[in-house]
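A closer look at the structure
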Amino acid sequence: MPEPKKRRARRGEPLPGPSALVLRGDLLDPEEIRDSAERNYEVYGFFGISVFAEVGGTTFDDIAATKLARARWIAVFTAGDLIASGLELWDTGQAPHYDVVHAELAELVGRFVDTPHRIVRNEHFQSPDEGG
Amino acid sequence: MDIELDADLNAEDDEGLNWSVLSAAAHPEVIKAGAVVTAGRDRYWSWVKVVRVDPDGQVHFEQISAAEAQEARKLANAS
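I will try to describe carefully the structure that is included in this document. (Residues numbered from 1 in each chain as written. Chains lettered and ligands numbered in written order. Predicted model: local features only at pLDDT ≥ 70, side-chain atom pairs only at ≥ 80, totals over all residues.)

1. So, the overall build of chain B
The condition that has to hold: In this description a helix means any DSSP run of H or I spanning at least four residues, a strand means any run of E spanning at least two, and both kinds are numbered starting from the N terminus. In this treatment the radius of gyration is a C-alpha quantity, and the globule benchmark scales as 2.2 Å times the residue count to the 0.38 power. Residues with at least 20 other C-beta atoms within 10 Å of their own are called buried, those with 12 or fewer are called exposed, and the rest are partly exposed. The C-beta atoms themselves are positioned from the backbone. Contact between two residues is assigned whenever their backbone-derived C-beta positions fall within 7 Å.
When helices and strands are tallied, chain B shows one helix and five strands. Scanning chain B from its N terminus toward the C terminus, one meets helices and strands in the order β-β-β-β-β-α. What you see for chain B is a C-alpha radius of gyration of 12 Å, in line with the 12 Å of a compact globule of 79 residues. For chain B, the C-alpha atoms occupy an extent of roughly 30 × 30 × 25 Å along the three principal directions. Split into buried and exposed, the 79 residues of chain B put 39% on the buried side. Contacts in chain B between residues far apart in sequence, at least 24 positions, make up 42% of those at least 6 positions apart.

What follows is the structure, given as structure tokens:
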């Protein structure tokens, strides 16, 4: 595996509360998630799965309509359930972006997809084929 | 839709831009600053504009609308 190249900035914020919703665009495909986590390792040196959390007044609808506007489906977790699954939430990049992290790739993917969640249709979906 | 740059559109860099890597491009030679391509995966993709490509191959981009993509490609073809 290639050597990690970049240091990831952390915001230094407290963990989201246990009931805070954590969103990831699209259905949960373990192979795609694995690819994303490996790519994150390749660039930043840790296995991470990108998500967005309801923090700092940012709501589910805010995230769905902006960050995830091109996602027809959204996987919805709570921060508490992810932590209870033995995963870490790192406040990477700019709020409300987070990485779900575990030192072992297989554990990260397995624990993430096995964490209680629901899949909802994105009511703010904007088709990439349309002008808006 | 043919995806020109495989990417996880959830992923953001430290500036809040989406990112992928050059090795994930179908045709890496077209991935340059200002290029307009499709990025993402089958169910979750967008037209995007490449902001920059780092020396290590990390590609930073922003999502744009289909109308913006059409306009950008029209301008590129005219020049």
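2. Regarding the interface of chain B and chain A
Interface extent is often summarised as the accessible area lost during association of the parts. On the side of chain A, 24 residues touch chain B, which itself brings 21 residues to the contact. Counting only elements with at least two residues in the side of chain B that touches chain A, the list comes to β4 (44-53), β5 (58-64) and α1 (66-78) of chain B. It is β4(B) that contributes the most residues to the side of chain B that touches chain A, four residues altogether.

3. Some thoughts on the sheet that holds strand β6 (residues 118-121) of chain A
Residue and element names in this part refer to chain A. This is how it is decided: A pair of strands is labelled paired if DSSP reports no fewer than 2 bridges between them. Lines fitted to C-alpha atoms define the axes, with helix axes restricted to the stretch in contact, and inter-axis angles between N-to-C directions lie between 0 and 180 degrees.
Spatially, β4-β5-β2-β1-β3-β6 is the arrangement adopted by the six strands of the open sheet, whose pairing is antiparallel. Looking at strand neighbours, the two that pair on one side only are β4 (88-90) and β6, the edges of this open sheet. Along the sheet, successive strands turn relative to each other by an average axial angle of 40 degrees, direction set aside. Alignment of strand β3 (residues 73-78) against β6, held across four bridges, turns out to be antiparallel. Within the sheet, the bridge partner assigned to W73 lies in β6 and is R121.

4. Some points on the packing of helix α1 (residues 30-44) of chain A against helix α4 (residues 105-114) of chain A
Residues and elements named next belong to chain A. Heads up, the condition is: Orientation labels follow simple angle bins: below 35 degrees gives roughly parallel, above 145 gives roughly antiparallel, 65 to 115 gives roughly perpendicular, and whatever is left gives oblique. Crossing handedness: left-handed means the near helix sits turned counterclockwise from the far one by under a right angle, and right-handed means the same turn made clockwise. Polar here means any residue outside two lists: the nonpolar Ala, Val, Leu, Ile, Met, Phe, Trp, Tyr, Cys and Pro, and the charged Asp, Glu, Lys and Arg; Gly therefore counts as polar.
Following both chains from N to C, one finds α1 and α4 inclined at 135 degrees, their axes separated by 10 Å at the closest point. Between α1 and α4, the crossing angle belongs to the class labelled oblique. In terms of crossing hand, the pair formed by α1 and α4 is right-handed. On α4, the residues touching P30, I33, R34, A37 and E38 of α1 are L105, L108, V109, F112 and V113. Taken together, the residues of the contact of α1 with α4 break down into eight nonpolar, no polar and two charged.

5. Regarding the pairing of strand β1 (residues 21-25) of chain A
Put simply, side chains in a regular strand alternate between the two faces of the sheet. Residues and elements named next belong to chain A. Among the five residues in β1, four count as buried, and that is most of the element. Note that β1 and β3 share five bridges and pair antiparallel. Its bridge partner being in β3, L21 is matched across the sheet by T78. Summarising the sheet, β1 and strand β2 (residues 48-53) pair through two bridges and their orientation is antiparallel. Paired with L23 across the strands is F52, a residue of β2.

6. Some points on the sheet that holds β4(B)
Residue and element names in this part refer to chain B. With respect to topology, five strands assemble into an open sheet ordered β1-β3-β4-β5-β2, the strand pairing being mixed. At either end of the open sheet lies a strand with only one pairing partner, and these are β1 (5-6) and β2 (18-21). Bridge analysis of β2 against β5 gives four bridges, and the strand direction is antiparallel. Bridge assignment links W19 to a residue of β5, and that residue is H60.

7. Description of unusual backbone geometry
All names here are of chain A. Going from A95 to P96, the amide bond is cis rather than trans, its omega being 10 degrees. A positive phi is found at D26, a non-glycine position, where the angle reads about 90 degrees. In this structure, D26 sits in the loop between β1 and α1. For D26, a count of 25 C-beta atoms within 10 Å translates into the label buried.

8. Some remarks on the environment of D42(B)
As for its position among the elements, D42(B) is in the loop between β3 (36-41) and β4. Separated by 14 residues in sequence, D42(B) and P28(B) place their C-alpha atoms 19 Å apart.

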